Amino acid sequence: NISLDSQRNRILGVNLNISVATLALTAINVPAAFFGMNVVTGFEEWVPASSYILVCMAAIGSSVYTISEAHHAGTKTIARRRVREHKALVRVLSHMEEIDRVFYRIASKNSVTTGEFKDALYAATGVEFSDEEMRLISRAYDDDGDEELQLDVYQRICDIRERSHRM
């Protein structure tokens, strides 16, 4: 099924590129259709008008295509970042018991820096957490943005998790 999903996504990507190219060609043809009508515009007697109009239409069409491709590339970057975050989250959640034990053991002073927590996790579990995983943990437990993990925030999250398990 994953192989078929991958194939379908590639086909959708090609379809999207074709649609964007069609939109760019349409952007080129709209001014041509306007000037091709029997409407007096004042450009009829001006000899270089057709070449200027052609250059402008080509610039508009290529701009439409370039802008949409740049947007698509930005969307891909966001999707890749979300996939990395998801993988990191899955890894963090799979070690939640160890994180619980280590956090309660070293959080007696009510807050712990991310670096201290990372070192304590490695010492307790032998598992090296990546910077992406530590950013996820920090985002979850750092309410005030001081790059320290607070015990009271952690206790609230644990209480919420316990209540959700009871339901």
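For the structure given in this document, a descriptive report is provided here. Owing to the predicted nature of the structure, the values given are computational and were not obtained by experimental measurement.

Because the α-helix completes a turn every 3.6 residues, residues three or four places apart line up on one side. For helix H4 (residues 114–125), which comprises 12 residues, the first-to-last C-alpha distance of 16 Å matches the rise-based estimate of 16 Å (1.5 Å per residue) to within 8%. When H4 is considered as a whole, its buried residues turn out to be Thr114, Phe117, Lys118, Ala120 and Leu121. Down the axis of H4, the sector holding all buried residues measures 165°, keeping them to one side. Exposed residues lying more than 90 degrees from the buried face of H4 are Asp119 and Ala123. Positive phi shows up at glycine 126, right after H4, with a value of about 75°.

Along the polypeptide, lysine 118 turns up in helix H4. In terms of polar contacts, lysine 118 uses its side chain to reach the side chain of aspartate 131, at 3.1 Å. Non-local contacts of lysine 118, meaning those with residues more than four positions away in its chain, are made with Glu128, Phe129, Ser130, Asp131 and Met134.

By size, the foremost hydrophobic cluster in this structure holds 14 residues, and its most contacted members are Ile99, Phe117, Leu121, Phe129, Met134 and Ile137. Elements represented by at least two residues in this core include exactly helix H3 (96–106), H4 and helix H5 (131–141). Ignoring sequence-local partners within four residues, the contact set of methionine 134 consists of Thr114, Phe117, Lys118, Leu121 and Phe129.

Scoring rules and cut-offs
- Residues numbered from 1 in each chain as written.
- Predicted model: local features only at pLDDT ≥ 70, side-chain atom pairs only at ≥ 80, totals over all residues.
- Heavy atoms only, no water.
- Helix = DSSP H or I, 4+ residues; strand = E, 2+ residues; numbered from the N terminus.
- Expected span 1.5 Å × (residues − 1).
- Buried < 20%, exposed > 50% of the residue type's maximum accessible area, 1.4 Å probe, protein only.
- Arc of directions from axis to C-beta.
- Polar contact = N/O pair within 3.5 Å; in protein donor to acceptor, adjacent residues only side chain to side chain.
- Contact = heavy atoms within 4.5 Å.
- Core = buried A, V, L, I, M, F, W, Y, C linked by side-chain atoms within 4.5 Å.

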